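Below, each chain spelled out in residue letters.
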Amino acid sequence: MRIVTLAIGILAVVPFAMTAVPAQSYDVVTVTDGGTIEGKVVFNGAVPTKKIIPTKDVEVCGGMREEPLIEVGPDKGVQNAVVYLVEVTKGKAWPAPGKPPELDNVKCRFEPAVQVIPAGPLDVVNTDPVLHNTHGYYGQRTAFNLALPNQGQRIPTELKRAGIVRVDCDAHGWMEGWIYVVDNPYYAVTGADGKFTIADVPPGDYKLVAVQSLTGPVEMPVTVTSGKSTELNVELKKK
Ligand SMILES: [Cu+2]
């Protein structure tokens, strides 16, 4: 009888333990012989758009418009793509912690629309004089769900584990934002030219992921050499 109870206990515990492991553990070490990854994220296809039809608060949210589902420059560079290394066990320190990262509601848009943060605090802010209900999800599961009825309101919350968090507004169905919660500090968000730099990477072989909401992720191998810059071009394709 005792053995049966023990077996059930183990069965109950193991799946929880597997899903509860938040992320790869990461050790900070001094990186003196690191290399750099420099690259550009491009998208060559036709740029699809979505029609946005604000149904309320138009004085703040603006009128009907078409918006691109991916921000592509004249030379095909993708802005606001996120690039990061996965399964990194050790390396440089995280950026010095300052104020918590913010997700603001400005004219019924999320600012920033795309950001990368370490697991930890996040302040959700409302700059608008209208109610926003900011709702973040890891997949289908709610990460936070915050009503912000007042202009200037700020609510501290927390994203406790690595993963991709999509952000909606329950008051304005067209609003969408993305927060990439990472488990190591080797990441970048591409600029208007699609370019990115990831510095102080210990020499070795890595897996790099580039991701954008329309295209989803692309994964590629990259080898980093001490004191050198590795050039990398990443093409995103529509899912
Ligand atoms: Cu809203």
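The residue numbering used here restarts from 1 in each chain and proceeds along that chain's sequence as written. A pLDDT threshold of at least 70 governs which residues receive local features in this predicted model, and a stricter bar of 80 or more applies before side-chain atom pairs are shown or counted, although totals over entire chains, interfaces and linings include all residues. Note that the side-chain values use all heavy atoms of the structure and ignore hydrogens as well as water.

The coordination sphere of the copper ion, as far as protein atoms go, consists of His-132 (ND1), Cys-169 (SG), His-172 (ND1) and Met-175 (SD), spread over 2.0 to 2.7 Å. Viewed at the metal, the four donor atoms of the copper ion are separated by angles of 99 to 132°, and the geometry they form is tetrahedral. For the copper ion, the donor residues sit on a single chain with the sequence spacing H-x36-C-x2-H-x2-M. The rule for donors is simple: an N, O or S atom within 2.8 Å of the metal counts, and for Na, K and Ca the reach is 3.2 Å. Water is not among the atoms, so a site may look short of donors. A four-donor site is called tetrahedral if each angle lies between 85 and 135 degrees; a four-donor site is square planar, and a six-donor site octahedral, when trans pairs exceed 155 degrees and the remaining angles lie between 65 and 115; all other cases are labelled irregular.

Another point: the pairing of strand S20 (residues 204-212). As paired elements, strand S7 (residues 82-86) and S20 share five bridges and run antiparallel to each other. By the bridge assignment for S20, Val-83 is matched with Ala-210. Sheet analysis places S20 next to strand S21 (residues 216-224), joined by nine bridges and oriented antiparallel. For Val-209, the partnering residue across the bridge sits in S21 and is Glu-219. Should DSSP find at least two bridges between two strands, the strands are taken to pair. By definition, any uninterrupted DSSP run of H or I lasting at least four residues is a helix, any uninterrupted run of E lasting at least two residues is a strand, and each is numbered from the N terminus. Here S20 folds back onto S21 in antiparallel fashion, the turn holding three residues.

Our focus in this paragraph is the sheet that holds S7. Spatial strand order, S18-S7-S20-S21: four strands in an open sheet with antiparallel pairing. Of all strands in the sheet, those bounded by a partner on one side alone are strand S18 (187-189) and S21. Put simply, the sheet's adjacent strands are angled 20° from each other on average, direction ignored. Axis geometry follows a simple rule: fit a line to the C-alpha atoms, using only the stretch in contact for helices, then measure angles between N-to-C directions, giving values from 0 to 180 degrees.

A word on the packing of aromatic side chains. Any Phe, Tyr or Trp ring, taking Trp's six-membered ring, that has another such ring centre within 6.5 Å forms a pair; planes under 30 degrees apart are called stacked, those over 60 apart edge-to-face, and the others tilted. In this structure the tally under the stated criterion is one aromatic pair. With a centroid separation of 6.2 Å and an interplanar angle of 75°, the aromatic rings of Tyr-26 and Trp-94 are classed as edge-to-face. Placement of the pair is Tyr-26 in the loop between helix H1 (2-20) and strand S1 (27-28) and Trp-94 in the loop between strand S8 (90-91) and strand S9 (102-106), with a sequence separation of 68 residues. Buried means the residue's accessible area, taken with a 1.4 Å probe over protein chains only, is under 20% of the maximum for its type, while exposed means over 50%, and partly exposed covers the values in between. Take Tyr-26: its relative accessible area is 13%, and that puts it in the buried class. Its guanidinium or amino end placed over the ring of Tyr-138, Arg-161 lies 4.0 Å from that ring's centre, counting from NZ or CZ. Sitting over a ring, as applied to charges here, requires NZ of Lys or CZ of Arg to be within 6 Å of the ring centre and within 35 degrees of the ring normal.

On to unusual backbone geometry, then. Note the cis peptide between Glu-111 and Pro-112, where omega equals -10°. Along the chain, Pro-112 turns up in the loop between strand S10 (109-111) and strand S11 (114-118). Despite not being glycine, Asp-57 has its phi angle at roughly 55°, a positive value. For Asp-200, which is not glycine, the phi dihedral falls at a positive 60°. For Asp-200, the position within the fold is in strand S19 (residues 195-201).

Before going further, it helps to spend a moment on the nonpolar core. Take the buried residues of types Ala, Val, Leu, Ile, Met, Phe, Trp, Tyr and Cys, join any two whose side-chain atoms come within 4.5 Å, and each joined set is a nonpolar core. Residues Ile-37, Leu-85 and Leu-208 are the most contacted members of the largest nonpolar core, which totals 25 residues. Contacts are residue-level and defined by heavy atoms, with any inter-residue pair within 4.5 Å sufficient. Other than its neighbours up to four places away in sequence, Leu-208 contacts Ile-37, Val-83, Tyr-84, Leu-85, Phe-196, Val-218, Glu-219, Met-220, Val-222, Leu-232 and Val-234. Ranked by size, the runner-up nonpolar core spans 23 residues in total, among them Cys-61, Leu-122, Val-165 and Trp-174.

Note on definitions: salt bridges are taken to be side-chain nitrogens of Lys or Arg within 4 Å of carboxyl oxygens of Asp or Glu. Applying the stated rule across the entire model yields eight salt bridges. In this structure, Arg-109 engages Glu-67 in a salt bridge whose closest nitrogen and oxygen atoms are separated by 2.7 Å. Residue Arg-109 is found in strand S10, and its partner Glu-67 is found in strand S4 (residues 65-68); the two are separated by 42 residues along the sequence. Note that Asp-168 is salt-bridged to Arg-166, the shortest N-O span being 3.0 Å.

Functional significance is not addressed by these values, which are geometric in nature.
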